[in-house]
Amino acid sequence: MEYIDLMPVVIGVITLIGALLTVFVVPYIKSSLSADKLQQLQMWVKVFVNAAKQLFVGSGRGMEKLQYVAEILRKNGYTIDVDDTTDAIQYKKSPPCRPRGI
């Protein structure tokens, strides 16, 4: 009785399963973790912004509030660039004008 060597078939099946996991499962897990982390960051930002509003009462103290929130976020392991955030806030307040017809 002759035995058939199935080792190349088994190796091929394992390789195929590994490729499928890499293509489909790993990106799905990464995206779900990123979405969870983003949602958690948004929740913390809301909490810290509300705290800053209570600590720094009055108008014209926006930069103090931003620096306070940025410092607390840094202490909790998040990285924030105050200059980029300030630029984004200014852009949201007054976006650049567009010529008519565009």
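A brief structural summary. (Residues numbered from 1 in each chain as written. Predicted model: local features only at pLDDT ≥ 70, side-chain atom pairs only at ≥ 80, totals over all residues. Heavy atoms only, no water.)

Here the focus is the overall build of the chain. Along the backbone of the chain there are three helices and zero strands. For the chain, the sequential pattern of α-helices and β-strands runs α-α-α. Taking the contacts inside the chain whose residues are at least 6 apart along the sequence as the reference set, 28% of them involve residues at least 24 apart. Carbon and sulfur atoms form 64% of the exposed surface of the chain, whose accessible area is close to 9,000 Å². (Helix = DSSP H or I, 4+ residues; strand = E, 2+ residues; numbered from the N terminus. Contact = heavy atoms within 4.5 Å. Areas by Shrake-Rupley, 256 points an atom, 1.4 Å probe, with all protein chains shown as cover.)

Moving on, we come to helix α2 (residues 62-75). Here α2 is 14 residues long and its end C-alpha atoms lie 20 Å apart, about the 20 Å a rise of 1.5 Å per residue gives. Among the residues of α2, L66, V69, A70, I72 and L73 are the ones counted as buried. For α2, the angular spread of the buried residues around the axis is 165°, confining them to a single face. In the segment just after α2, G77 is the residue with positive phi, at about 95°. (Expected span 1.5 Å × (residues − 1). Buried < 20%, exposed > 50% of the residue type's maximum accessible area, 1.4 Å probe, protein only. Arc of directions from axis to C-beta.)

Turning our attention to the nonpolar core. With seven residues, the main nonpolar core is built from F48, A52, F56, V69, I72, L73 and Y78. Mapped by element, the contributors of at least two residues to this core are α1 (7-55) and α2. Among the elements that make up this core, the one with the highest residue count is α2 (three residues). (Core = buried A, V, L, I, M, F, W, Y, C linked by side-chain atoms within 4.5 Å.)

A complete count under the given rule lists two aromatic pairs for this structure. A centroid spacing of 5.7 Å and a plane angle of 70° characterise the contact between F56 and Y68, whose relative ring orientation is edge-to-face. Of this pair, F56 sits in the loop between α1 and α2 while Y68 sits in helix α2, placing them twelve residues apart in sequence. F56 gets classed as buried once you look at its relative accessible area, which sits at 16%. (Phe/Tyr/Trp six-rings, centres within 6.5 Å; stacked < 30°, edge-to-face > 60°.)

Scope: geometric values only; no functional claims are made or implied.
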